[in-house]
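Remarks on the overall topology
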Amino acid sequence: MTKERTELATPSLSGLLEFWLTKSVAGRPPVPSSISPADLRPWKDNIAVFEVIGEEAGTFVYSYYGKALVAAFGQSRLGATLDDLPPEQRALLQPEYETVRRERLPVARIHTAVFGGRTRSFERLVLPMSSDGIGIDKLLVAAYEMTPRELAARPPLYAPGPGGFSSGPVPLTVQKPGASA
C-alpha cells in the first residue's frame, strides 16, 4: 500500500519513525525483541506500548506508559485496556489501532480535545510490531503535545471528531531502509 507520506510536525516523532524503519526488515514491521529499552530512551517519556491480545477485534493492554503521558493525562494506564477508557476515547482509538494491525503500517494524527480542563493538541504516531513477522502483537504509540505555534504552522487538516478535533489517522508511506522514493 502506498500513500503520500505526511511530514510529522514533531521532530521527535520523525526520529522515532526513522528508528522504526531501521528496525523493519524486508518491508515487515520490526520484531519487538530487536528493540531494547535503551534504544527507546530518547522517546521513553512520551510512549505507550500496547500488547495486542486476540486475533480479531483485539484487546489492547498498556504494558508501558511514559512519564510525560502520566503528567499530561493525570494518571498511568499501565495494565489497563482500551475498554477502561471513556467511551468517546475508546471510539477514537480502537478503530485506529485496528487499522494499524490490519494495514501493518504506521499512522499519524493530530488530536485536539479538552484534557485536564484545557484544550490541548497532541501529535501521535502509532507503529506496529510483530513477533512472528505475520501478526501484529504490539503497538508502539508516541504522543507529543504541540505548541500553538506548531499547530498554526500545520496545514488545516482538522475535522470534527469524537471528543474534539482530529486530523484523523493518516497512513504513512514507509520504505525498506536504503530504498529510494
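1. Description of the overall build of the protein chain
Counting its regular elements, the protein chain contains four helices and eight strands. Going residue by residue from the N terminus, the α and β elements of the protein chain occur as α-β-β-α-α-β-β-β-α-β-β-β. For the protein chain, with 181 residues in total, the buried portion stands at 43%. Sequence separation of 24 or more characterises 55% of the internal contacts of the protein chain that already satisfy a separation of 6 or more. Counting every atom, the protein chain has about 9,300 Å² of accessible surface; 56% of that belongs to carbon and sulfur.

2. Observations concerning the side chain of Arg120
For Arg120, the location among the structural elements is in strand β4 (residues 118–129). Since its relative accessible area comes to 9%, Arg120 is described here as buried. At 2.9 Å, the side chain of Arg120 forms a polar contact with the backbone oxygen of Ala72. Here Glu145 takes part through its side chain, which lies 3.0 Å from a polar atom of the side chain of Arg120. If we skip the residues at most four places from it in the chain, Arg120 touches Ala72, His111, Thr112, Ala113, Phe115 and Glu145.

3. So, the confidence of the model for the protein chain
Per-residue pLDDT for the protein chain averages 81, and the proportion of residues at 70 or more is 80%. With pLDDT under 50 throughout, residues 1–5 is counted as low confidence; its partners more than four residues away or in other chains account for twelve contacts. Across residues 173–181, where pLDDT falls below 50, the model places 17 contacts with residues more than four positions away in sequence or in other chains.

4. Regarding the pairing of strand β5 (residues 138–145)
Of all eight residues that make up β5, seven are buried, and the element is covered over most of its length. Here strand β1 (residues 47–53) runs beside β5; their pairing, made up of five bridges, is antiparallel. Pairing of Glu51 across the sheet is with Lys138, part of β5. Two strands pair when backbone bridges link them, and β4 and β5 are joined in this way by eight bridges, in the antiparallel orientation. Looking at the pairing, Leu127 lines up with Leu140 of β5.

5. Comments concerning the packing of aromatic side chains
Two descriptors summarise a pair of aromatic rings, namely the distance from one centre to the other and the angle between the planes of the rings. Under the criterion given, the structure shown has seven aromatic pairs. For the ring pair Phe50 and Phe60, a centre distance of 6.4 Å and an interplane angle of 90 degrees mean the geometry is edge-to-face. With Phe50 in strand β1 and Phe60 in strand β2 (residues 59–65), the pair connects residues that are ten residues apart, well separated along the chain. Exposure remark for Phe60: the relative accessible area of 1% places this residue in the buried category. Among the aromatic residues, ring-to-ring pairing joins Phe50, Phe60, Tyr62, Tyr65 and Tyr97 into one connected group.

6. Considerations on the layout of surface pockets
Any empty space left between the atoms is revealed when a probe the size of a water molecule rolls over them. Taken as a whole, the largest pocket spans an internal volume of roughly 520 Å³. Lining the largest pocket are 26 residues; nearest its centre among them are Phe73, Gln89, Leu93, Phe115 and Arg124. Of all the secondary-structure elements, those providing two or more residues to the lining of the largest pocket are β1, β2, α2 (67–73), α3 (87–103), β3 (107–115), β4 and β5. Each pocket or cavity is described by its volume, and for the second largest pocket that value is around 240 Å³. Pro32, Ile35, Ser36, Pro37, Leu40, Lys44, Ile47, Val49, Ser63, Tyr64, Met129 and Lys138 are the residues that line the second largest pocket. Listed by contribution, the elements that provide at least two residues to the lining of the second largest pocket are β1 and β2.

7. Some details on unusual backbone geometry
The backbone of Ala26 shows a phi angle near 55 degrees, a positive value even though the residue is not glycine. Mapped onto the elements of the fold, Ala26 is located in the loop between α1 (11–23) and β1. Note on Ala26: relative accessible area 54%, which makes it exposed. The phi dihedral of Arg104 is positive, around 65 degrees, even though this residue is not glycine. Mapped onto the elements, Arg104 comes out in the loop between α3 and β3.

Thresholds, definitions, all that
- Residues numbered from 1 in each chain as written.
- Predicted model: local features only at pLDDT ≥ 70, side-chain atom pairs only at ≥ 80, totals over all residues.
- Heavy atoms only, no water.
- Helix = DSSP H or I, 4+ residues; strand = E, 2+ residues; numbered from the N terminus.
- Buried < 20%, exposed > 50% of the residue type's maximum accessible area, 1.4 Å probe, protein only.
- Contact = heavy atoms within 4.5 Å.
- Areas by Shrake-Rupley, 256 points an atom, 1.4 Å probe, with all protein chains shown as cover.
- Polar contact = N/O pair within 3.5 Å; in protein donor to acceptor, adjacent residues only side chain to side chain.
- pLDDT = per-residue confidence, 0-100.
- Pairing = 2+ DSSP bridges.
- Phe/Tyr/Trp six-rings, centres within 6.5 Å; stacked < 30°, edge-to-face > 60°.
- 1 Å grid on protein atoms, 1.4 Å probe; cavity = no way out; pocket = protein on both sides within 12 Å on 5 of 7 lines; lining within 4 Å.
- Points joined across faces, edges and corners; volume = space filled by probe spheres on them.

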